[in-house]
Each structure stands twice: as structure tokens, then as C-alpha cells.
Amino acid sequence: MAGLNFSPGDKVRLRLALKELDGVVLENAQSEVLLLKLDSGYNVGIPKENILAGRVLKKFVEDKKKFFLPKPDKKLKSIGLVVTGGTIASKLDARTGGVAPLTDVSEFANFYPEIFKIANVKKIVVPFMTASESMSSEHWLKIGNSVEELLNDSEIEGVVVTHGTDFLHYTSAVLSFFFVNLNKPVVLTYAQRSVDRASSDANLNLQCAAQMALSNCAEVVLVGHGSTNDDFCFAIRGTKVRKLHTSRRDAFKSVNDKPIAKVFSDKVEFISGYNVKHEGKVRGDFSFNDKVALVKFYPGQDSSILDFYALKYKGIIIEGSGLGHLPVGEQGNDWSLKLKKHIRNGFVVCITSQCIFGRVDPFVYSNGRKLLDAGVVFLEDMLAETAFVKLGWILGHYGWKKNVKEKMLENLAGEINEKLPIM
Ligand code: SIN
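Residues numbered from 1 in each chain as written. Predicted model: local features only at pLDDT ≥ 70, side-chain atom pairs only at ≥ 80, totals over all residues. Heavy atoms only, no water.

### Focus: the packing of aromatic side chains
Moving on, step 1. Taken as a whole and assessed by the stated rule, the structure comprises 15 aromatic pairs.
Moving on, step 2. Their ring planes at 50° and their centres at 4.8 Å tell us that Tyr190 and Phe252 sit as a pair that is tilted. On the criterion of sequence distance, the pair formed by Tyr190 in the loop between β11 (186–189) and α5 (202–213) and Phe252 in strand β15 (residues 252–254) is long-range, its members being 62 residues apart. This pair shows no difference in class: Tyr190 is buried, exactly as Phe252 is. (Phe/Tyr/Trp six-rings, centres within 6.5 Å; stacked < 30°, edge-to-face > 60°. Helix = DSSP H or I, 4+ residues; strand = E, 2+ residues; numbered from the N terminus. Buried < 20%, exposed > 50% of the residue type's maximum accessible area, 1.4 Å probe, protein only.)

### Looking at the site of the ligand
Moving on, step 1. Neighbouring the ligand are Gly86, Thr87, Ala131, Ser132, Glu133, Gly164, Thr165, Asp166 and Ala191.
Moving on, step 2. Separating an oxygen atom of the ligand from a side-chain N or O atom of Ser132 is a distance of 2.6 Å.
Moving on, step 3. If the ligand stood free it would expose 250 Å²; the protein chains cover 86% of that surface.
Moving on, step 4. Of the residues that constitute the shell around the ligand, the class distribution is 2 nonpolar, 5 polar and 2 charged. (Near = heavy atom within 4 Å. Polar contact = N/O pair within 3.5 Å; in protein donor to acceptor, adjacent residues only side chain to side chain. Areas by Shrake-Rupley, 256 points an atom, 1.4 Å probe, with all protein chains shown as cover. Nonpolar A, V, L, I, M, F, W, Y, C, P; charged D, E, K, R; others polar.)

### Considerations on the nonpolar core
Moving on, step 1. Among the nonpolar cores identified, the biggest contains 51 residues, and Val147, Phe179 and Val389 are the most heavily contacted of them.
Moving on, step 2. Looking at this core, the elements with two or more residues in it are α3 (137–151), β10 (156–162), α4 (168–178), β11, β12 (220–225), β20 (348–353), α9 (384–395) and α10 (404–408).
Moving on, step 3. Two domains share this core, each providing at least three of its residues, namely domain 2 (78–270) and domain 3 (292–408).
Moving on, step 4. Core analysis: the next-biggest nonpolar cluster, separate from the first, contains 35 residues, Leu81, Ala89, Ile115 and Ala210 among them. (Core = buried A, V, L, I, M, F, W, Y, C linked by side-chain atoms within 4.5 Å. Domains from an automatic or database assignment.)

### What to know about the domain arrangement of the protein chain
Moving on, step 1. Under the domain assignment, the protein chain is made up of domain 1 (11–58), domain 2 (78–270) and domain 3 (292–408).
Moving on, step 2. When each unit is reduced to the centre of its C-alpha atoms, the spacing between domain 1 and domain 3 is 54 Å.

### Some remarks on the packing of α4 against α9
Moving on, step 1. With their axes 9 Å apart at the nearest point, α4 and α9 run at an angle of 40° to one another. By the criterion of interaxial angle, the relationship of α4 to α9 is oblique. Note that α4 runs across α9; the crossing there is right-handed. Of the residues in α9, those in contact with His169, Tyr170, Ala173, Val174, Phe177 and Phe178 of α4 are Glu385, Thr386, Phe388, Val389, Lys390 and Trp393.
Moving on, step 2. For the contact of α4 with α9, the class distribution of residues is 8 nonpolar, 2 polar and 2 charged. (Axes fitted to C-alpha atoms, helices over the stretch in contact; angles between N-to-C directions. Parallel < 35°, antiparallel > 145°, perpendicular 65-115°, else oblique. Left-handed = near helix turned anticlockwise from the far one by under 90°. Contact = heavy atoms within 4.5 Å.)

This is the structure in C-alpha cells:
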């Protein structure tokens, strides 16, 4: 039908040959198709020639409301908040049907009033607003600086960092190394579903994060849903956490470690040991060398890939087989020659497991021993992502150049567990 006068965001009713449809008009580059978000949440594209009639039920009006941060409640203990983007700092955009970043910190306060009832949010810092896939070590440094500033405010008990989910476990690991001698809690949290969805996990995650930030635990932890229900969260050590599901609210799991605590909106129940708070200022150790890579081994992978990395990088983490093997010896694809050559020239090669859970072990098969002989470092039960940021951090310290292997195997921030818990 020609002459449909709808704008993105309008709620409309359409008459088609066999039925009527209600929905919200979405932006669409194809002018001959009307894209509609139905009340069920599904999007449909309707050729305009199939629309017999249509009318606007509710015209879209951009929300220009100005929000204000709540007044500090002096009866509550104070926390600091670092906001960095991701779904937790986004809302549904009626015009595109997708989520878009919140534009103002006060809007954040409007969406999440509950956290302001648990703690006095003394200071909010927004070093940048970006999705976690767009982050680099520069963003990690900016988060580190913001966290350090808040930790050194004597009125602040702990810091909450909100972050996109996808690469959150890299940031939690890198902050764990930046602040190995932490004085107060640093709590990262997230949302898998934006706050304007009924199933959003954001509010509980934030409330539990605030409870954890007020606790006595001076560790970098990630706090998020412990189950698919909206009942409790786990606080998981920053070096032992991984996103293991694309969409579930309890996407993050503790790997080769017990969670530190079970956290509710009104209390923290500790499950395992942790470092306790102490007086005094903290200084982040923000050294980082970007010339590190993380590569997954797959059957048939050519060892000449090492030539490329050794040319451009200082070190590499390879996710090997379950126990940490790469092909050596016997037939055709022998990695040992290239490994020996590059390691001799100062290139660092470390191995983690493709399995995620469990520990690499070079002593079970002769293959592992040959890799060890070539100078490969087997990283125990360390997660590959944690190993990647740890290697970048260690190589960022010029003075440690001769001890990279020893430092990689030193348990600096809970990243190595001698005894794996039964989970
Ligand atoms: C991201 O920033 O990781 C993507 C959105 C999200 O999962 O929070």
C-alpha cells in the first residue's frame, strides 16, 4: 500500500489480506518492506504491497526526560562505580529493535534505583562506553586507573565495575594482575539482558555486586547470577571465571575453583577463602605488552604458523589438546623443530588445555615430555584467557625478561590451583 505514513518507533495496526497485526515499526534500509516488532517480541518483514490499510495506535515520542542522581544517603556506606558499556548500560531502542547505550549516568541511576538503596554511590566514573569486543589493553588501563582512583578514596568501601559480558573475563583477569595487593573489593558485573526486558538479570547482579563491594573481601571478583532464577549470585575469582553460555543469565562459571561467595541482594555468604581488606593506599601495576597472542590448536594446523607469530609477537598461549599436547615426532606435522628454534630465540610458548576444566600435564605421554624439552611452559589449570593477559602483563615488566617462565608458573592472583575442587 502506498502512502503509509509511519516512523520508526510508532506502534501501529496493519490490515493484511487474512489478518490484522499490531507492532512497533523498526528502522529498515529496504524501503519496500515494513519491519515490525510484534508484541510477542519477534520481528517480521511485510512487503508494503501486501498491506491493505494501516493506522498509528501510538506515535513514537523520543524520551527526553532528564534524570537526576539520587541524593547521597549518609546513613549508608559508600561505594564507587565504574560504568564501561555493554548490555548492563543499554536500553531497548524502539526504533531499531536493538539495544543502545544509555546516554547519561543519571539515566543509569533511573534504571537501577535499588543499588542506591544498598550503598551510597559516592562517585561514578565513565572512562568510556563501549562493547567489550571493542576493548583493548588501552581500555583495561583506563578501567585500572578509574578503579585505583576510587580505591584510594578513604570513604569508599569497594568498587563496582559494570561491563559487557563477552570479554568480561579478560578484564577481570587483567585487573587481578594490575592489583595483586588489593586493599578493598573490586567487583565486576554485567547483564545478559537489558534492563527494560522482563527477564533482565541486571538489577539482581548490581544489587549483589554492591553487597560484595561492601564486604571484607579484597579480591577482584565477578558477581553474576548463580542460577537461571532471579534468586542469588556467585562471586567468582577474577582469574578463574569464564563465560560459558551465550544467553543464560548464569553465563559465568567458576572454573577449577569454588566460587568465593554466594551473594544475595541483602547478604553475602562466603564459601571459600579470600584475602581480607587492609588499610592503606593501593597502586596499580599497569605494565602491559600487547605483543602476545592466544591461538587454539586444531588437527592439521601447520606449525609454520609459529613463524608468523614469532616474527610479530613476544609470546603466545596455545590451547593444546586435553593434557596440552601438540603434534611432535613421528609423521609429517612435527611442531618440535619450530618450537625449539623460536623458543631458543626468546619467543615464549605456553600451553593451556582446550578442555577448560582440568589441568595440563606434560608427564603422562612422551609427547608432553618432548614439548617440555623444547621449552614449552605448561600452565597447570590456568584458563587460556587468564594466561593470555598474564603473559601480556609479565612481558610488560622489562625487569622480568629472564624469569618469564618462573613468573608464569607463580601463583600471583589465584590463577593456579594446586588442588582442583570437586565440582
Ligand atoms: C558486550 O559488550 O560484551 C556485548 C554486550 C553484552 O553482552 O553485555
